[in-house]
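In case you want the letters, here they are:
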Amino acid sequence: MSIRSLYRVFNETRRAARERATVAVTGKGGGADSLARALGAGRGTRGAEIIIAVREGSGGETVLDLSGKAIESPGELTLRSEPLLSPEAELLGEVVPWVAGRLDEDYLVSLGRGYEAFRRAVCEEVIHNNARQNAFIGALPVPGADLPVMTANQGRMVLQIASIYGEEITLDRARELLGVLGAGLGFRAVGRQVVKIVPFGGWAVSGAIGYAGTLAMGRAAVLYFERGYDELGQQEISGIRDRAAHEARDFVSRVRRENKGNKGDEENKKRRG
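Scoring rules and cut-offs
Residues numbered from 1 in each chain as written. Predicted model: local features only at pLDDT ≥ 70, side-chain atom pairs only at ≥ 80, totals over all residues. Heavy atoms only, no water. Helix = DSSP H or I, 4+ residues; strand = E, 2+ residues; numbered from the N terminus. Buried < 20%, exposed > 50% of the residue type's maximum accessible area, 1.4 Å probe, protein only. Contact = heavy atoms within 4.5 Å. Areas by Shrake-Rupley, 256 points an atom, 1.4 Å probe, with all protein chains shown as cover. Pairing = 2+ DSSP bridges. Right-handed = clockwise from strand over helix to strand, strands pointing away. Axes fitted to C-alpha atoms, helices over the stretch in contact; angles between N-to-C directions. Parallel < 35°, antiparallel > 145°, perpendicular 65-115°, else oblique. Nonpolar A, V, L, I, M, F, W, Y, C, P; charged D, E, K, R; others polar. Expected span 1.5 Å × (residues − 1). Salt bridge = Lys/Arg side-chain N within 4 Å of Asp/Glu carboxyl O. Phe/Tyr/Trp six-rings, centres within 6.5 Å; stacked < 30°, edge-to-face > 60°.

A. Representation of the overall build of the chain within the structure. Along the chain, the regular secondary structure elements total 10 helices and 4 strands. Counted from the first residue to the last, the chain has its helices and strands arranged as α-β-α-β-β-β-α-α-α-α-α-α-α-α. Across the 273 residues in the chain, those meeting the buried criterion constitute 47%. Put simply, 64% of the contacts in the chain that link residues at least 6 apart link residues at least 24 apart. Roughly 14100 Å² of accessible area belongs to the chain as shown, and the carbon and sulfur atoms make up 49% of that amount.

Laid out in structure tokens, this is it:
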């Protein structure tokens, strides 16, 4: 990765970290209090960019309404279980990914950095955003032109994850870290695993390799920062590669189905026209 590209993504990440992402939980009763405690959120909406309103549904169930400046896709969630009775881990496992998945991308870093409860879910969003970009870049029919862009995306992803975990790293340290993670994972090994299980050829394999390699690097970075720079064991690396390869296969299959569906719709329109 060139120093110019790394410098650009470094500055982008620093700007993203300065965005505010304050969470507030509104509503009366123990359910709202319980959710606010679990998330580490406030109870007042003044200045809040993410607002989760707790209310009772028509059938007595607990419903959450999500809104705010940082929310790209407002919506509601009916909880499967009562917040007052749910273990905290179960409650967070239901609410946190839902909020992170509806967040404006510009606020991902600041939300994860400011609220430990959101850290893992936000990292997964960052990883999947970059993986999807690299999948489509890898599928482009221009051999060799994809590598600098894909590497820049991976660099941005690692810097974002570092910032989420409160790590202030220098440009030199960022370049070193990309090399360490890449060497530890062995991208050729990732590619070989993808080729074995992706039942398609051409652009699908190239896109799947870009997707899997980015997933693997992102999750390795998460573990690296969580553990305070401890290196991953070989068994963990194999597990990360295997999971990434299977997710890449599923991703490519979904894209192919969507493409076929779109083509079918276009053909039907032509016939009707």
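There's more to say after this.
B. Expanded view of the pairing of strand 2 (residues 50–56). Sheet analysis places strand 1 (residues 23–26) next to strand 2, joined by 4 bridges and oriented parallel. Bridge assignment links V23 to a residue of strand 2, and that residue is I50. The handedness of the strand 1 to strand 2 crossover, carried by helix 2 (residues 30–39), is left-handed. What sits between strand 2 and strand 3 (residues 62–67) in their antiparallel hairpin is a turn of 5 residues, with G60 showing a positive phi close to 90°.

C. Seen up close, the packing of helix 2 against helix 3 (residues 88–101). Interaxial distance between helix 2 and helix 3 falls to 10 Å at its minimum, and their mutual angle equals 85°. When the axes of helix 2 and helix 3 are compared, the pair comes out roughly perpendicular. Counting all contacts with helix 2, which are made through S34, L35, A38 and L39, the residues of helix 3 involved are E88, L91, L92, V95 and V96. Here the contact of helix 2 with helix 3 is composed, by residue class, of 7 nonpolar, 1 polar and 1 charged.

D. Main features of helix 5 (residues 119–138). Taking 1.5 Å per residue as the helical rise, helix 5 with its 20 residues ought to reach 28 Å, and the 28 Å between its terminal C-alpha atoms agrees with that figure. Among the 20 residues of helix 5, 14 are classified as buried, and the element is accordingly described as predominantly covered.

E. Broad picture of the sheet that holds strand 3. Reading across from one edge, 1-2-3-4 is the order of the 4 strands in this open sheet, with mixed pairing throughout. Since the sheet does not close on itself, it has two edges, and those belong to strand 1 and strand 4 (75–78), each with one partner. When strand polarity is set aside, the average angle formed by the axes of neighbouring strands in this sheet is 20°. Sheet topology places strand 3 next to strand 4; 4 bridges connect them, and they run antiparallel. Each bridged residue has a counterpart across the sheet, and for D65 the counterpart in strand 4 is E76. Sheet contacts for helix 2: strand 1, strand 2 and strand 3; angle to strand 1, the most-contacted strand, approximately 165°. Relative to strand 4, helix 3 is tilted by about 165°, and along the sheet it contacts strand 2, strand 3 and strand 4.

F. Local environment of the pattern of salt bridges. Following the criterion strictly, the structure yields 9 salt bridges and no others. The residue E76 makes a salt bridge to R55 at a minimum N-O spacing of 2.9 Å. Of this pair, E76 sits in strand 4 while R55 sits in strand 2, and the two are 21 residues apart along the sequence. What makes E76 partly exposed here is its relative accessible area of 48%.

G. Here's a closer look at the pairing of strand 3. The pairing of strand 2 with strand 3 spans 6 bridges and is antiparallel. From the neighbouring strand, A53 faces strand 3, where its bridge partner is D65.

H. Summary view of the packing of aromatic side chains. Considering all chains together, one arrives at 5 aromatic pairs under this definition. Relative to F251, the ring of Y211 has its centre 4.2 Å away and its plane inclined at 10°; by these criteria the two rings are stacked. Residue Y211 is found in helix 9 (residues 203–226), and its partner F251 is found in helix 10 (residues 234–272); the two are separated by 40 residues along the sequence. Classification of F251 as buried rests on a relative accessible area of 8%. Judged by centre distance (5.5 Å) and plane angle (80°), the rings of Y224 and F225 are edge-to-face.

I. Focus on the environment of D106. Summarising the element assignment, D106 is placed in the loop between helix 3 and helix 4 (108–114). Take D106: its relative accessible area is 48%, and that puts it in the partly exposed class. The spacing of D106 and A70 is 36 residues in sequence and 8.0 Å in space, taken between C-alpha atoms.

J. Broad picture of helix 3. Spanning 14 residues, helix 3 covers 20 Å between terminal C-alpha atoms, matching the ideal 20 Å at 1.5 Å per step. Against helix 2, strand 2, strand 3, strand 4, helix 4 and helix 5 lie the buried residues of helix 3.

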